[in-house]
Amino acid sequence: MTEEERKQRGEKSAVIVARLVRIQLGAMGCERFELGIKRDAGEMILREGQGAIEIAGAVKWLRHENAKGAHIYVRPAGLHPLSLIDDLSAEAIERMKVEGFEPAVVVETSLNNFQAWLNHGQVLDAALSTRAAKQLAERFGGDPSSADWRHFGRLAGFTNPKRERQLPSGMPPFARLRSATGRIYSKAAEFVGAIRANDDGRGGQGEERRKPRGRRRQRAGIRPLGEFHADPVYAGDLHRADMAWAKHAAGSGLTLEQIREALLDGRDLSKKGSRKRQLEYAERTARKAVEEMQ
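What you are looking at is a predicted structure, and each value in this text was computed from that prediction instead of being measured.

**Q** Describe the pattern of salt bridges, listing the residues and the values that go with them.
**A** On inspection of all chains with the given rule, the structure shows 19 salt bridges. Across the salt bridge formed by Glu-65 and Lys-68, the nearest N and O atoms sit 3.9 Å from each other. The exposure class assigned to Glu-65 is buried, which follows from its relative accessible area of 3%. A salt bridge links Arg-95 to Glu-99; its shortest N-O distance comes to 3.2 Å. Glu-99 sits in the partly exposed class, given a relative accessible area of 22%. Look at the salt bridges and you will find they share partners, linking Arg-39, Glu-43, Glu-65 and Lys-68 into a network.

Next comes the structure, spelled out in structure tokens:
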């Protein structure tokens, strides 16, 4: 193959991938997304506030990073109506359809291993979105560690560089877009309503560890943490948004423990490192906010 033929083949492949990207993001139905490019050495590049057209326009660069071993991820920006269920079997996908939980998007991330995005038909706050994701993962056998409101999913058209996912040929598998209906699943209103009703019912009940969260839900005048994360004034700086919300919460009467728990529940803190480091971050942020408001 000549150099010119290789170039033409590469350009044709880029066009195909860009089309897949537009279809997947269109079916996810969000106005803005966040791209995560996790390089082989562990460095994560985060591109925030990206529209589908911008992401499709970056396909050549993304393919270059992917060819060097980077993982290409995507998630909605800010609060959103979706839940990601990871590590599903083909049988689980079919069961979801039968039971009225038809996915808006299905991506086969490696051989017979799937991710599904479900559309609830309404934007959920961070805590409710996380509870929905965890219940869905438990119900359909997904990965519970990936069940939260801001978890990344794979972007179709790029390879999955995980060594344990290699094909028998030794090549990395492509993340394949298996369906992209964009539909709201049939039981969305019923499912989300049941979670809300359960939250309301346990507001002042349950184990001691749940009581701070119950009081936080009942206290009037406290804005959801997710609103601060989505506020353009913080320009995607979630650390600043966390601190601003913590001060707001402390000024409204929440305790250090309640603020710390909300920060731990409010977003994916895995970039902070180990669970111990995540706890230290939430404790440090909550303590500083409480001290400054006293």
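Picking up after the structure, the text goes on.
**Q** Hey, could you go over the packing of helix H10 (residues 256-266) against helix H11 (residues 275-293) for me, with residue numbers and the actual values?
**A** Relative to each other, H10 and H11 sit at 135 degrees, their axes nearing to 8 Å. Classified by the angle their axes make, H10 and H11 are oblique. In the packing of H10 onto H11, the handedness of the crossing is right-handed. Packed against H10, whose contacting residues are Leu-256, Ile-259, Arg-260, Leu-263 and Leu-264, the element H11 presents Arg-275, Gln-278, Leu-279, Ala-282, Glu-283, Thr-285, Ala-286, Arg-287 and Val-290 at the interface. Its residues placed into classes, the contact of H10 with H11 shows eight nonpolar, two polar and four charged.

**Q** So what's going on with unusual backbone geometry? Which residues, and what values?
**A** Positive phi values are uncommon outside glycine, yet Asp-87 reaches one of about 65 degrees. Note on placement: Asp-87 falls in strand E4 (residues 80-88). A residue is classified by how much of its surface remains accessible, and Asp-87, at 33% relative accessible area, is partly exposed. Backbone geometry at Asn-112 places phi at a positive 60 degrees, although glycine is not the residue there. Among the residues examined, Asn-112 registers a relative accessible area of 52% and is labelled exposed.

**Q** Which residues make up the packing of aromatic side chains, and what are the values?
**A** Under the defined criterion, the tally for this structure stands at five aromatic pairs. Look at Phe-101 and Tyr-185: their rings are 5.3 Å apart centre to centre, the planes differ by 20 degrees, and that puts the pair in the stacked class. With Phe-101 in the loop between helix H4 (90-98) and strand E5 (105-110) and Tyr-185 in the loop between strand E8 (176-180) and helix H6 (188-201), the pair connects residues that are 84 residues apart, well separated along the chain. Of the two residues, Phe-101 and Tyr-185, neither departs from the other in class, the shared state being buried.

**Q** Just give me the short version of the pairing of strand E6 (residues 113-124), but keep the residues and values in it.
**A** Of all 12 residues in E6, nine are buried, a share of seventy percent or more. Here E4 pairs with E6 via six bridges, running antiparallel. Each residue of the ladder has a partner; that of Leu-88, found in E6, is Phe-114. Here E5 runs beside E6; their pairing, made up of five bridges, is antiparallel. Bridge pairing in E6 links Val-105 to Trp-117.

**Q** Let's hear about helix H3 (residues 59-67): which residues, and what values?
**A** Within H3, burial applies to Val-59, Leu-62, Glu-65 and Asn-66. Angular distribution of buried residues about the axis of H3 spans 120 degrees; they occupy a single face of the element. In H3, the exposed positions angled more than 90 degrees off the buried face are occupied by Lys-60 and Ala-67.

**Q** Help me get a handle on the sheet that holds E8, residues and values and all.
**A** Strand order in the open sheet formed by four strands is E4-E6-E5-E8, and the pairing between neighbours is antiparallel. Of all the strands in the sheet, just E4 and E8 have a single pairing partner and so form its edges. Strand after strand, the sheet turns through a mean of 20 degrees between neighbouring axes, direction not considered. With respect to the sheet, helix H5 (residues 126-140) is in contact with E4 and E6, its orientation differing from that of E4 by roughly 30 degrees.

The rules behind these values
Residues numbered from 1 in each chain as written. Predicted model: local features only at pLDDT ≥ 70, side-chain atom pairs only at ≥ 80, totals over all residues. Heavy atoms only, no water. Salt bridge = Lys/Arg side-chain N within 4 Å of Asp/Glu carboxyl O. Buried < 20%, exposed > 50% of the residue type's maximum accessible area, 1.4 Å probe, protein only. Axes fitted to C-alpha atoms, helices over the stretch in contact; angles between N-to-C directions. Helix = DSSP H or I, 4+ residues; strand = E, 2+ residues; numbered from the N terminus. Parallel < 35°, antiparallel > 145°, perpendicular 65-115°, else oblique. Left-handed = near helix turned anticlockwise from the far one by under 90°. Contact = heavy atoms within 4.5 Å. Nonpolar A, V, L, I, M, F, W, Y, C, P; charged D, E, K, R; others polar. Phe/Tyr/Trp six-rings, centres within 6.5 Å; stacked < 30°, edge-to-face > 60°. Pairing = 2+ DSSP bridges. Arc of directions from axis to C-beta.

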